[in-house]
Amino acid sequence: MSYETILYGKDGQDKFATITINRPDKLNAMNKTVIREIDAALAAAVADPDVNALVITGAGRAFSSGYDLQGGDFDVDIDFWREDMGENATALLNIWKAPIPVIASVNGYALAGALELMMCCDLAISADTAKFGEPEVRHNSGPPALMMPWLLATRDARWLMYTGDLVDAQEALRMHLINKVVPAAELKGATDKLARKLARMPVPALKYTKASINNQQVVAGLLPSFQYNIEAIAALHVTRQGREWMANLAKMGLKEYLDFRDSPFKGLDI
């Protein structure tokens, strides 16, 4: 299968595959094509008996900057946002549900929706130069998949989701957003070693272990919390302030928009 926005390849030595988001000129910003192609490549990996583990990473200097804010029609109603958010959340949950282990290899910025994607992976290895955050709160938006409160201590989750602050790899490690930090030059080697280790494990053992861990989250209420979040963010987008922010995006260039969004918070880091 050919793809427009991702690269998909299998390792020649061990049974693992890699999905690379391939829009480096856009910092791998995710649009509908990216999301659908990741979902299709994930399905192909899961169906392939020669793939026992999967890596997701980004080309260039970013894992992904999040959802692409350019080129969309944002003057829409709540039903549009409910469907849009639902499609995004479903694709991210498919990563979480996959019966093979999925590793996020974070080579740079992992922001907003891309951070949600990373958190839906089973494990995450990061370059020491990477940055993480949920900056979309600053333009009256929120995450498509509410995974953060299931991974982080509540206070850490609230900090990131309330402030939109970015954190470096060491702080992300302290928060348990990621499993390990390595020098940027060593990221691919470290990721491949972990993927090889998982690919050589007994396949049923990892499949049923992952299913058991996921079931613990399901019993605790993960799926209804995701559904509530879809409704909440869809409603948020059609509030007066939500529509004002979308109108600003439509009339500004992306750099101007991001500067406008972040300017009230300059000098307020603590």
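Look above for the structure.
I will try to describe carefully the structure that is included in this document.

Strand order in this open sheet of 4 strands is β4-β6-β8-β9, and the pairing throughout is mixed. Only two strands of the sheet have a single neighbouring strand rather than two, namely β4 (62-64) and β9 (166-168). The average angle at which neighbouring strand axes cross in this sheet is 20 degrees, direction not considered. With 2 bridges connecting them, strand β6 (residues 109-111) and strand β8 (residues 131-133) associate as parallel partners.

It is worth spelling out the nonpolar core at this point. In this structure, F63, I95, L117, M118, F132 and L177 are the most contacted members of the largest nonpolar core, which totals 54 residues. Membership of the second largest hydrophobic core comes to 12 residues, among which are F16, A53, V182 and L194.

Turning our eyes to something else, we now look at the pairing of strand β5 (residues 102-106). The element β5 is largely enclosed, with a buried count of 5 among its 5 residues. By the alternation rule, side chains of β5 split into V102, A104 and V106 and I103 and S105, which are all buried. In this sheet, β5 lies alongside strand β3 (residues 53-58) in parallel orientation, the contact comprising 3 bridges. Opposite L54, over in β5, you have V102 as the bridge partner. As judged from the 4 bridges shared by β5 and strand β7 (residues 123-127), these two strands associate in the parallel manner. What sits directly across from I103, in β7, is L123.

Attention now moves to the packing of helix α2 (residues 78-97) against helix α8 (residues 203-220). Two elements in contact, α2 and α8, have axes whose closest approach is 10 Å; the angle formed by their N-to-C orientations is 130 degrees. Classed by the angle they form, the pair α2 and α8 counts as oblique. Contact residues: I95, W96 and K97 in α2; K210, N214, Q217 and V218 in α8. Each residue belonging to the contact of α2 with α8 can be placed in one class, and the counts come to 3 nonpolar, 2 polar and 2 charged.

According to the stated counting rule, one finds 20 salt bridges in the structure shown. The salt bridge involving R174 is made with D156; its shortest N-O contact spans 3.1 Å. Taken together, the positions of R174 in helix α6 (residues 169-174) and D156 in helix α5 (residues 154-163) put the pair 18 residues apart, joining distant regions of the chain. For D156, a relative accessible area of 15% puts it in the buried group. A salt bridge links R261 to D262, with the shortest nitrogen-to-oxygen separation between them at 3.0 Å.

Taken as a whole and assessed by the stated rule, the structure comprises 3 aromatic pairs. Taken together, a centroid distance of 5.8 Å and an interplanar angle of 90 degrees make the contact between W245 and Y257 edge-to-face. With W245 in helix α10 (residues 240-251) and Y257 in helix α11 (residues 254-262), the pair connects residues that are 12 residues apart, well separated along the chain. Residue Y257 is classed as buried on the basis of its relative accessible area of 1%. Ring centres of W245 and F260 lie 5.6 Å apart, and the angle between their planes is 55 degrees; on these two criteria the pair is classed as tilted. Here W245, found in helix α10, pairs with F260, found in helix α11; they are 15 residues apart in sequence, far enough to count as distant. Owing to a relative accessible area of 17%, W245 belongs among the buried residues under this scheme. Residue classification places F260 among the partly exposed residues on the basis of a relative accessible area of 39%.

Procedures and definitions
- Residues numbered from 1 in each chain as written.
- Predicted model: local features only at pLDDT ≥ 70, side-chain atom pairs only at ≥ 80, totals over all residues.
- Heavy atoms only, no water.
- Pairing = 2+ DSSP bridges.
- Helix = DSSP H or I, 4+ residues; strand = E, 2+ residues; numbered from the N terminus.
- Axes fitted to C-alpha atoms, helices over the stretch in contact; angles between N-to-C directions.
- Core = buried A, V, L, I, M, F, W, Y, C linked by side-chain atoms within 4.5 Å.
- Buried < 20%, exposed > 50% of the residue type's maximum accessible area, 1.4 Å probe, protein only.
- Parallel < 35°, antiparallel > 145°, perpendicular 65-115°, else oblique.
- Contact = heavy atoms within 4.5 Å.
- Nonpolar A, V, L, I, M, F, W, Y, C, P; charged D, E, K, R; others polar.
- Salt bridge = Lys/Arg side-chain N within 4 Å of Asp/Glu carboxyl O.
- Phe/Tyr/Trp six-rings, centres within 6.5 Å; stacked < 30°, edge-to-face > 60°.

So yeah, pure geometry; function would need other evidence.
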